[in-house]
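# Understanding the architecture of this molecule
Given next are the chains, with one letter for each unit.
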Amino acid sequence: MPRKLPPLSALPAFDAAARHLSFTNAAAELNLTHGAISRAVRNIEDRLGVQLFERGTRSVSLTPEGAAYAAEIAAALDQISTATMAVAAPRPAGVLNVSTSDGFAGRWLVPRLYRFHRAHRDIDVRISTSGLLADFVRDGVDIAIRYGAGDYEGAVSELLSEVDVFPVCSPELLGGEHPLREPADLRHHTLIHDGFPIDWKTWLERAGVTDINPNSGVRFDSATYATEAAVHGEGVLLGRSTLVSADLAAGRLVRPFGLELKASSKYYVVYLQSALRQRRVRAFRDWLLAESALDNQSSGKLGQS
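Let us look at the structure shown here.

## Things to note about the nonpolar core
If you look at the biggest cluster of nonpolar residues, it comprises 44 residues, and the most contacted ones within it are Leu-109, Leu-186, Phe-284 and Leu-288. Mapped onto this core, the elements with two or more residues apiece are strand E3 (95-100), helix H5 (102-119), strand E5 (143-148), helix H6 (200-207), strand E10 (236-240), strand E12 (266-271) and helix H9 (279-299). Setting aside its immediate chain neighbours within four residues, Phe-284 contacts Leu-96, Val-98, Leu-109, Leu-113, Phe-116, Val-125 and Ile-143. Ala-16, Ala-17, Val-41 and Ile-73 belong to the second-largest nonpolar core, a separate cluster that totals 20 residues.

Structure, rendered in structure tokens:
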């Protein structure tokens, strides 16, 4: 069935006029005349049989129908622009650009990336680390892994991993002069912080420990460095399950206590819907989800030490 479309060449004029609420400013933006903008808008109104603007002597305003239509047209034009830039952007066929955080890259992605390379030797993975959500088109990003609520406008997000928070430490701290046997024993050890929203104050309160300063200890901006400090026995980290899973599996870290807290945010795989048409993106997305499933299967085996 043929699509029912307005005059497509007139849509940018209508969009600009709706954003500026001015035919003059819209004309300046598009390098057209005031009359050309007016004719384009009138052409759409005649085709639709609906008045989109209220025209005053020196100003224009959108009718309710015009405001509703403008919102839909703006979204459609944005989508067309994104698709056009994505197709036009020159990218090497075998290069996959991945955006994620420093902590996720260092503690989860990089240690297992060799398995992806082993299965896909023709795909070169390039990783950029940032706490900011990538602009897929402008930044040339194919796929991203982000920690949050999963509501990323204009992109698809798939759940990669839920996050539990619990203390972890080197196995060496389970013995020695002050062995970690119960939460109160933390008074003899350095608390390691990595800036995560669930902090030691929250965990200690839930554990019923009131005589330890939750702000004491050593603080890192990077989860990677914080985890390394724990691995080397420098203290006890309030670890995130996703970021410490590999170290727990390898025995570099242990859980001295059973109490864990559930984080409200989660890790998501984020990409543009059209990106899955590219084999390299689809392969990496499938691999990420498969690796996460393996983590979930093994997590039951990594109980309290």
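## Re the environment of His-34
Note that His-34 resides in helix H3 (residues 34-48). Residue class for His-34 comes out partly exposed when judged on its relative accessible area of 43%. In this structure the C-alpha to C-alpha distance between His-34 and Phe-23, which are 11 residues apart in sequence, comes to 5.8 Å. If near-sequence neighbours (up to four positions away) are discounted, His-34 is found in contact with Phe-23, Thr-24 and Ala-27.

## Section: the sheet that holds strand E7 (residues 164-168)
Reading across from one edge, E9-E8-E10-E7-E11 is the order of the five strands in this open sheet, with mixed pairing throughout. Looking at which strands have only one partner, the edges of the open sheet turn out to be strand E9 (218-219) and strand E11 (261-262). Sheet analysis places strand E8 (residues 191-193) next to E10, joined by two bridges and oriented parallel. Looking at the pairing, Ile-192 lines up with Leu-237 of E10.

## Describing the sheet that holds E3
Taking strand neighbours across the sheet as the criterion, the five strands line up as E4-E3-E5-E12-E6 in an open arrangement whose pairing is mixed. Strand pairing shows two members of the sheet lacking a second neighbour, strand E4 (124-129) and strand E6 (156-161), which therefore form its edges. In this sheet, adjacent strand axes meet at a mean angle of 25 degrees when their direction is disregarded. Where E3 and E5 come together, two bridges link them in parallel fashion. Within E5, the residue paired with Val-98 across the bridge is Ile-143.

## What about the pattern of salt bridges?
Working definition: two side chains of opposite charge can pair if their charged atoms are close together. According to the stated counting rule, one finds 20 salt bridges in the structure shown. Between Glu-291 and Arg-115 there is a salt bridge; the shortest N-O distance is 2.7 Å. Here Glu-291 is found in helix H9, whereas its partner Arg-115 is found in helix H5, with 176 residues between them in sequence. Accessibility expressed as a relative area gives 32% for Arg-115, which makes it partly exposed. A salt bridge links Asp-211 to Arg-187; the nearest nitrogen and oxygen atoms lie 2.6 Å apart. With Asp-211 in the loop between H6 and E9 and Arg-187 in the loop between E7 and E8, this residue pair connects regions lying 24 residues apart in the sequence.

The rules we used
Residues numbered from 1 in each chain as written. Predicted model: local features only at pLDDT ≥ 70, side-chain atom pairs only at ≥ 80, totals over all residues. Heavy atoms only, no water. Core = buried A, V, L, I, M, F, W, Y, C linked by side-chain atoms within 4.5 Å. Buried < 20%, exposed > 50% of the residue type's maximum accessible area, 1.4 Å probe, protein only. Helix = DSSP H or I, 4+ residues; strand = E, 2+ residues; numbered from the N terminus. Contact = heavy atoms within 4.5 Å. Pairing = 2+ DSSP bridges. Axes fitted to C-alpha atoms, helices over the stretch in contact; angles between N-to-C directions. Salt bridge = Lys/Arg side-chain N within 4 Å of Asp/Glu carboxyl O.

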